[in-house]
Amino acid sequence: MNPMDQLRAARPAHLDTPADEHTRAAELSYAMSQPRKGRTRKAGIPRPGWALGLAGVAAATAAVAVTITTTGGTTPPPGSPIATDRQPTTHSSEPVARLSARQLLLVAAESSLKAQQGSGAYWYVEKVSGSTQQVGTKARYTVDSLDRSQTWIARSPERESWWVSQNLGTKPASGSEEAWKRDGSPSTWTVTIDKMDKNADAKAQLIIEAKGGKPFGNAVNVGDKIADLAGKNVSMAELQDLPTTAAELKAYLLKGYRGHSTESEGDPQDADSWLFQVTAGLLSDMPVKPAVRAAAYQVLAGLDGVRSLGEVTDALDRRGEGIARTERWPTGEFERQLVVDPRTGILLTDRFVAVAPTGTYGWAKPGTAVHWNAIVKAEWTDREPVKP
């Protein structure tokens, strides 16, 4: 039985509900150390958001991007432990085969090739992001913060590309309400965080407010350059001309590898971890051809250390198949998890789950999602940017 047949046999019936057709959102260092604040973003080239960006699009097989529909299930709060090795559940008593991570990624690659190249003046990506922090002075507890970001990447260099973000507020995590009351029911918290850059000061102060904020944003293009890919500023034309085979795409991306993360020269990173990060960003944020998306999934399928999680549920209550790879950061050991719908080739969510956290996240139990990005929409559109 080939991977596509295995997937069809294993797929739960509830996943067959029809879907309607149709930046740097946060600095990498802050994606792992703090929720995004309502501050003005510096104008410049957007990098892929943490689409663990940071992120979900559920699509019909004939479309590159669509609006998500919810399929039901239980939504784990952003900071609650997530089952990371769960067997798929079905309504049948017959045993089902779970595909390996490589098989799932190759199925997603095959599905991506069925998508049609879209048209429109802008590539539009809308995300909801969540992060969790431990706070409190009289009592210790966790709070969950939410943000919403929108990016319009212009097809023509004659148009501006825009990024807009909005802080949606912070509240005590599920199960933390009583501790929050013992702490005096505050609406503002101050957290000491570990900076990701080893060359920077070791600590920084983060102020978190319960109240959400107004949208803010700015133009992000610099001339015809509209995105950062593998450490290089690229134009729409360059993105549309990316290699369409796994070997060529991998070689292209690795030209930007310098032995450290994309965000900090003081943060060493092995090549496979770097490729996992950069390729996930390409899948979640970039306006590329279906064949390039397929090649990106094939690149991921060829990396060491990638495992299958089986069927999982993301923070927006959407079900998909999860893959994961363990990564080491200055804040400890985390698992980078991607939630994918392999039948459509759509990346739903990109999230960081604690394995052996230290410092800022030393409080997090293994299995706790400390940061996630979920794609709500990713589509070509003629609608102009909504500027704040």
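Residues numbered from 1 in each chain as written. Predicted model: local features only at pLDDT ≥ 70, side-chain atom pairs only at ≥ 80, totals over all residues. Heavy atoms only, no water.

## Considering the packing of helix α6 (residues 246-254) against helix α8 (residues 290-301)
At step 1: Relative to each other, α6 and α8 sit at 80 degrees, their axes nearing to 8 Å. Put simply, α6 runs roughly perpendicular to α8. In contact with Ala246, Leu249 and Lys250 of α6, α8 contributes Val292, Ala295, Ala296, Gln298 and Val299.
At step 2: Taken together, the residues of the contact of α6 with α8 break down into six nonpolar, one polar and one charged. (Axes fitted to C-alpha atoms, helices over the stretch in contact; angles between N-to-C directions. Helix = DSSP H or I, 4+ residues; strand = E, 2+ residues; numbered from the N terminus. Parallel < 35°, antiparallel > 145°, perpendicular 65-115°, else oblique. Contact = heavy atoms within 4.5 Å. Nonpolar A, V, L, I, M, F, W, Y, C, P; charged D, E, K, R; others polar.)

## So, the side chain of threonine 381
At step 1: Tracing the backbone through its elements, the reader meets threonine 381 in strand β13 (residues 369-381).
At step 2: Residue classification places threonine 381 among the buried residues on the basis of a relative accessible area of 6%.
At step 3: Here threonine 381 is in contact with Ser119, Gly120, Ala121, Tyr122 and Tyr124, once residues within four sequence places are set aside. (Buried < 20%, exposed > 50% of the residue type's maximum accessible area, 1.4 Å probe, protein only.)

## Quick look at the confidence of the model for the protein chain
At step 1: Overall, the predicted model of the protein chain reaches an average pLDDT of 78, with 73% of residues at or above 70.
At step 2: Segment residues 80-95: pLDDT under 50, and 38 contacts once partners within four positions in sequence are set aside and those in other chains are kept. (pLDDT = per-residue confidence, 0-100.)

## Some details on the pattern of salt bridges
At step 1: Enumeration over the complete set of coordinates arrives at 13 salt bridges.
At step 2: Between aspartate 285 and lysine 127 there is a salt bridge, with the nearest N and O atoms lying 2.7 Å from each other. Here aspartate 285, found in helix α7 (residues 271-285), pairs with lysine 127, found in strand β1 (residues 122-135); they are 158 residues apart in sequence, far enough to count as distant.
At step 3: Close ionic contact of arginine 383 with glutamate 379 constitutes a salt bridge, the shortest N to O distance being 3.0 Å.
At step 4: Residue arginine 383 is classed as partly exposed on the basis of its relative accessible area of 46%.
At step 5: In the salt-bridge network here, residues are joined through shared partners; they are Lys225, Lys232 and Glu238. (Salt bridge = Lys/Arg side-chain N within 4 Å of Asp/Glu carboxyl O.)

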